[in-house]
Every structure is written in structure tokens, then in C-alpha cells.
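# Inside the fold
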Amino acid sequence: MNKIIMLCIFCVLVINAHSQMLEDKNNLYLGYQNGFYLGDALFNNQGTSAPSFYSNFTLNNGLEVKNLYNLTPLVSAGLKFGFLNSTNWQCRNYESYNGSKSSTINLQPVIQLHTKFQKNGLYNRVKIFGEISPIIGYSMLKIRNNIFDIIGYKWNYDNFNRTDLIYGLEVGVGCEYSFSNKIGAFVNISRQECFVSTPLFLDNRYTFLGLNIGVRLNISKVKRFKY
Amino acid sequence: MMKHIYSILFLLLFINISSASDIYKEANFTTASKFIRDACLSENGKVIICTDNESLKAFSVENKDLLGSFRGGHRDNIICVAISPDGRLVASGSSDSTVVIWDFYTQNIIKKIQSATGKISSMKFSPDNKSLLFGCSNSKALLYNIKEQTLVKEFTDQKLDVTSVAFSTDGNIIAIAGGDKIIRLYNTSNYHLDTELKGHTNWIRSICFYKNNQCLISGGDDKNIFEWNLSKHKFKKIKSHNDWILCIDITNDGNLFAIGTMSGSIKINYIFGVYNAKLNSPISKVIFIPKESGLIEIAVATLGSGLMHLNAVNMILSK
């Protein structure tokens, strides 16, 4: 019990002391992403069961680089570059995509709504945010097994690589903790709903639930901080 | 293991509790906001006036008593303030692009100037009390004749925000500096551009004349302090710091100068060394308080820790 009280006092005091002297308008975020694809392992393909492509990837790791500019006290906007690598495809009784790999590269304009910066107190250190961003990008697939025979599609049987356009929407919520004006940390969860137009598999829609953690770096000081 | 955790927690708590702001807490003047954008001292050093959101507050330097409030002149935060050398007039410039001239004794508005030229970033009265010079965020500086209530001159040579303006003590030179890294000197007889002082590599934040107007000191975002010899048209870098220099004050003989930085450092360069203090907030203004006793005292306006009156005795002296 004493430990908990001690920790609570510590947290409150740390939050009370302000970490950011001025609001920084332009921030760079570098993050690591992990998560999983939602959806059933099998889906019903005109009466027969077929293994889902995305939902059976078990290792999903990614990176994100995001730059946000503070437009108003409550709204920031910017651009995000995301990379997600999915491997280790596993589905019981199926080997359809064993050894396959999916990499997606996204470019996303981001609109973020967040709590208002305060010169003192909780919101000097903590920022709670929600963001929405349309996704446009490329999906790079590497399929190992040659089990397809798609009419009208010319296979290069030696190389099962293919790049397809993806588009969709991402929403996320999270919070950011500032150690100082220059550096902070963030954590957020996000949900991506994406469409991929590819003839390699039938489930051309996926939902990815991601957990992102990373750092915030301030890359420029605000010159007009007094106004 | 828990002992170690407790030790670390205790250490962090101690660091947190004994922050620099608390050390100087009793030095604070009572203002509604701790975000003081500017302050000025009367010629006799007895009254200090500071910005306090959309109003101004005047305090007695000696006992920190509130002498008066100047309200109702602005719709947005006041960014800069100046008091006339005769102590009768006070001027304030705001984010709402207005300049208000107040009567110091009654705190009534004498004149409201709608400049419509951007936010008012800095201002100074002329030594003869007749004119007011103010700089704007849209790169212009304006000279206003108070008696005739007319705009005398618009200075438009600056390429970026004007951050600091100054009159020489004889009133013959006007200095304007800002974001374009150049200090421009104008002759007040014809308002022509006399000299451009180039040397800073980033925004200039503060300029002051000293040594009977023979020299000028400047500091800014390049973290350097430059001393400009105006008669010889030469300059030298006299000090480099580790953060943006937001404000400078210097005594006329040049033996004592104080700076305030973005990271909250205050340094008073003294003949025997440097007095140092560290606050948690950026320092928007440092002003020497004249003392017959010879003690070094300064008024410090901060963006987050209020307005303070510091004595060099309480600061750390380093050689």
C-alpha cells in the first residue's frame, strides 16, 4: 500500500512540474508498430472454405515516421509514412501461403485532434489525441507457393512478387508524454481498414489493429512564441 | 531492490521540489498570469510595469505593492510595454494590433492607435517623451508623434518580424532589429537609413545602446552577443551561450550586462565574474534596477514563472 501511495505522490509531483516551457508547433514522431490482422483464419469462398491471406500472418512489425504541425490549439495536421512487414503465415491444415511475406508502404495525410497545451499542470506533460488519416500506398507481396491458376494473368513462375495499390482509412487514439520541449514519448492504438486490388488472393480487404510506441522529437523552435 | 527504487524516487522528488522557481518564489510580484511577455522600469527605478494577459500592472519595486492596473485597452494579450522617461505615459502593444497610450497616474486611455500592421512586438518612447516607436510582426516599425497624434514615419526595410527597437539616449539614432538578422540605424533628423549592422546569423531579439550611444549590444537566436562600435563601424563577438538570448540589459558604462535565455538562464556579467541563476521558464526581459548602494539587483520577466525581483547576492557567482 505504501509503495502505491509513494508512486502516486511521485506521479502527481512530476506532472505538476512543467516540462514544456512553450508549445512546440512542429514535431517529428518516430515509432515502432506491432499488431495483428483482424478477421477469421478461413473465409467462405462461394461455399468452400479458403484461408485468409492477411489474417494468418502472425508476425507483424512496422515503423512509422510522422511530422505534425500544430494548426490551432486543438488541431494538428501533417504527413505520416508507415511501413509494415508481415511474415510467418500460419493456418491450420492449409499451406497455401506458407513462407509468404507482405510489406506495405503507406503515405498518409493526418489530422489529429488533441488536448490543449497548458503552460502548467497535467496538460503541460500529457497530450491525449485522436487522429484520422486516409491511406494510400503500396502492398508488396512475395508469395512462395505456386498454387494459383488465374485465367488471364501471366505468371512469372520464378518470381512471385507483386506490387499492388492499397487504399483505406486509419483511425487511432493515444497519448503523448513530454519529458521536455525537445523530447517526449507516445503510445497509441490504431485501426486500419484497407483495400488491396490483387489477383493473388481473394480476400482483398484487411483490417489491421496496431499498437504504436515511439518518441516525439522537436525539430524546430517556434520563433513567434510571444504572439 | 525496493530500496533502490525508493532512493531514486526520493531523489527525483527532491529535484522536483527544489526546482529553481521555488528558490526564488518570494521574489515574485503578484500577477494573474505567470506568462509575462514584457516589463519596463521607470527612469527612477521605483516603478515596474509588466504585461499580464490583456492588461498591465504597475508595482512598487521596493515593496512589491500593486500601484495600479491598466485595463480595457486591448482585446488580446499585450506583448510589449514602455514607460516614458518622464514617467507620465505608459504605452502597450498587443496581439490585437493596437497600441494604447495610457496616463500613468490615472490609468486612463489617452490614445488608441490601430496600426493594422500586425502584432505589436516591441516599443520605446523617445528620450524627449514626444514620440513612440513600435515594431510589428509584419516587419514594419512605426514612429508616432504623441502630441500631434500623427504617424511620422513607417520603416519598411526589415524583411521579417521586428523584435526590438531602441532610441539612443540623445534621441538622434533609432535602431531597429528583428528576424532578418540585421540591425538598422536611422538618423532621426531625416529618418534615412544610415547603417546596416550585419553579423548575427539568426533572429536578433534584443538591442541596447550604451557608452553614451557609441556602442550597441545585441543578442539573439544565434546564441551570440555582439558589441557594435558605432563610430568605428566594427563589431566583436563578446560571448556565446548555449541557447537563444531573448533579452539583454546593459549599464551605460558597459561594465555590467545581463542576459536572459530561452532555457531560463540568467547571467549577469560582472567585472569579477558571472552571476548565474536558472529558472524553469524562458526569460523575456531582464532590467537592472538602479541602486545607490551599488548592489546588483534585476527585475526578471519570465514566460511561465511570473515577474521577479532578484538580487545578485542570491545568485551563483562563477569566475
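So, here is what we can say about the structure in this document.

Criteria and cut-off values
- Residues numbered from 1 in each chain as written.
- Chains lettered and ligands numbered in written order.
- Predicted model: local features only at pLDDT ≥ 70, side-chain atom pairs only at ≥ 80, totals over all residues.
- Helix = DSSP H or I, 4+ residues; strand = E, 2+ residues; numbered from the N terminus.
- Rg over C-alpha atoms; globule rule 2.2 N^0.38 Å.
- Buried ≥ 20, exposed ≤ 12 C-beta atoms within 10 Å, placed from the backbone.
- Contact = placed C-beta atoms within 7 Å.
- Pairing = 2+ DSSP bridges.
- Axes fitted to C-alpha atoms, helices over the stretch in contact; angles between N-to-C directions.
- Core = buried A, V, L, I, M, F, W, Y, C linked by C-beta atoms within 7 Å.

Here the focus is the overall build of chain B. Along chain B, the regular secondary structure elements total two helices and 28 strands. Taken over C-alpha atoms, the radius of gyration comes to 20 Å for chain B, in line with the 20 Å a tight globule of 319 residues would show. Here chain B, with 319 residues, has 46% of them falling under the buried criterion. Counting contacts in chain B only where the partners sit at least 6 residues apart, residues at least 24 apart contribute 43% of the total.

Counting its regular elements, chain A contains two helices and ten strands. Mapped in sequence order, the helices and strands of chain A form the string α-β-β-β-β-β-β-α-β-β-β-β. The 227 residues of chain A split such that 29% are buried. Nonlocal contacts in chain A, meaning residues at least 24 apart in sequence, comprise 68% of its contacts between residues at least 6 apart.

With that settled, the discussion passes to the sheet that holds strand S12 (residues 150-155) of chain B. The strands making up a sheet are joined through hydrogen bonds of the backbone, oriented either antiparallel or parallel. All names here are of chain B. Across the sheet, four strands lie side by side as S9-S10-S11-S12; this open sheet has antiparallel pairing. Edge positions in the sheet fall to strand S9 (120-125) and S12, since each has one partner strand and no second. Strand after strand, the sheet turns through a mean of 20° between neighbouring axes, direction not considered. Looking at chain direction, S9 and strand S10 (residues 131-136) are connected through five bridges and run antiparallel. Considered in S10, the bridge of Met123 is made with Phe134.

Ranked by internal contacts, the top residues of the largest apolar core, which has 92 residues, are Ala39(B), Ile49(B), Val81(B), Val90(B), Ala91(B) and Phe134(B). With near-sequence residues (within four places) excluded, Phe134(B) lies in contact with Gly93(B), Val99(B), Ile120(B), Ser122(B), Met123(B), Ala141(B), Leu142(B) and Val165(B). In this structure, Tyr37(A), Tyr97(A), Ile135(A) and Cys194(A) belong to the second largest nonpolar core, which totals 14 residues.

To continue, consider unusual backbone geometry. All names here are of chain B. The phi angle at Asn129 is positive, at roughly 70°, despite the residue not being glycine. By the element assignment, Asn129 lies in the loop between S9 and S10. Positioned with a positive phi, Tyr191 is a non-glycine residue whose angle comes to about 60°. Considering the arrangement of structural elements, one finds Tyr191 in the loop between strand S15 (182-187) and strand S16 (193-198).

On to the sheet that holds strand S8 (residues 109-114) of chain B, then. Residues and elements named next belong to chain B. The strand order across the open sheet built from four strands is S5-S6-S7-S8, with neighbouring strands paired in antiparallel fashion. Single-partner strands in this sheet number two, and they are strand S5 (78-83) and S8. The mean inter-strand angle of the sheet, taken between neighbouring strand axes irrespective of direction, is 15°.

That's the geometry; what it means functionally is another story.
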